[in-house]
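# Descriptive structure summary
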Amino acid sequence: MSDPVELDALIAAARTARENAHAPYSKFKVGAAILGGSGRIFAGCNVENAAYPQGQCAEATAIGAMVTAGDRWIRAILVMGGEAGAEEICTPCGGCRQRIREFAALETPIHICDPAGLRRTFPLERLLPESFGPTNLVF
Ligand SMILES: O=c1ccn([C@H]2C[C@H](O)[C@@H](CO)O2)c(=O)[nH]1
Ligand SMILES: [Zn+2]
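Cut-offs used in this document
Residues numbered from 1 in each chain as written. Chains lettered and ligands numbered in written order. Predicted model: local features only at pLDDT ≥ 70, side-chain atom pairs only at ≥ 80, totals over all residues. Heavy atoms only, no water. UniProt positions renumbered as here; feature names shortened; annotations may be inferred. Salt bridge = Lys/Arg side-chain N within 4 Å of Asp/Glu carboxyl O. Helix = DSSP H or I, 4+ residues; strand = E, 2+ residues; numbered from the N terminus. Buried < 20%, exposed > 50% of the residue type's maximum accessible area, 1.4 Å probe, protein only. Donors = N, O, S within 2.8 Å, 3.2 Å for Na, K, Ca; no water.

The name an unreviewed UniProt entry assigns to the protein chain is Cytidine deaminase, from the organism Azospirillum thiophilum. Recorded in UniProt for the protein chain, the comment headed Cofactor (unreviewed entry) runs: "Zn(2+)".

### Quick look at the pattern of salt bridges
By the definition in use, this model includes 4 salt bridges. Note that Arg 40 and Asp 71 form a salt bridge whose closest N and O atoms lie 3.0 Å from each other. One end of the pair, Arg 40, is in the loop between strand E1 (30–36) and strand E2 (41–45); the other, Asp 71, is in the loop between helix H2 (58–69) and strand E3 (74–81), with 31 residues separating them in the sequence. Classification of Arg 40 as partly exposed rests on a relative accessible area of 39%. With its nearest N and O atoms 2.7 Å apart, the salt bridge here joins Asp 114 to Arg 119.

### Regarding the coordination of the zinc ion (ligand 2)
Here the zinc ion (ligand 2) is held by Cys 57 (SG), Cys 93 (SG) and Cys 96 (SG), and the distances to it run 2.2 to 2.3 Å. Taking the relative accessible area as the measure of exposure, Cys 57 reaches 29% and is therefore partly exposed.

### Here we look at the UniProt feature "binding site: Zn(2+)" (unreviewed entry) in the protein chain
What UniProt calls "binding site: Zn(2+)" (unreviewed entry) maps, in this numbering, to Cys 57, Cys 93 and Cys 96. Spatially, the listed residues are clustered: although they cover 40 residues, their C-alpha atoms lie within 8.5 Å of one another. Looking at the secondary structure, you find Cys 93 in the loop between E3 and helix H3 (94–101). Using a relative accessible area of 36% as the deciding quantity, one classes Cys 93 as partly exposed.

Shown next, in the form of C-alpha cells:
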C-alpha cells in the first residue's frame, strides 16, 4: 500500500494528466501517475492517433517520463481511467502490465481509480502472474 499523502499526490497528478489526454477516437481518457524511486511523481496520459495502432497508453507515457528524468524504479503506480462510477474499473492493458514489470517489484501496488477516487489496489503479481522480467535475462 501507499501512504495516504502519497496516494493523494498520485491521484492529483493522474487527474491532471487525464484531463490532458488526447483521446478523440475512443473518448476514453486515462491518466497515470508513478511514485518513482527518488520520491518524485511522474504523470502521463493516453495519446491517441488518427492511425489508430499508433496510440499510446497513459502508463507508457508516465513510464517514459520517469525514465527520461532518470528514475528507474516504480514504488507505486496509479491509473485513473474512464468516468466516475463506471461499472468496470480501468486496469492496465496487458502490454502496460509488462511495461510496469520492467521497473517494479511483484509487490508494487497498482492503484485503480476513476475520477471520483480510489476503486481497487492490486499488487503487480496479481495482475501479471508467473511473469517474465529482467531477472530472466541474468545469465
Ligand atoms: O489502462 C489503460 C487502458 C486504456 N488506455 C487507453 C488506450 C486508449 O487510448 C483508450 C481506450 O482503450 O484508453 C490507457 O491509456 N490505459
Ligand atoms: Zn496499456
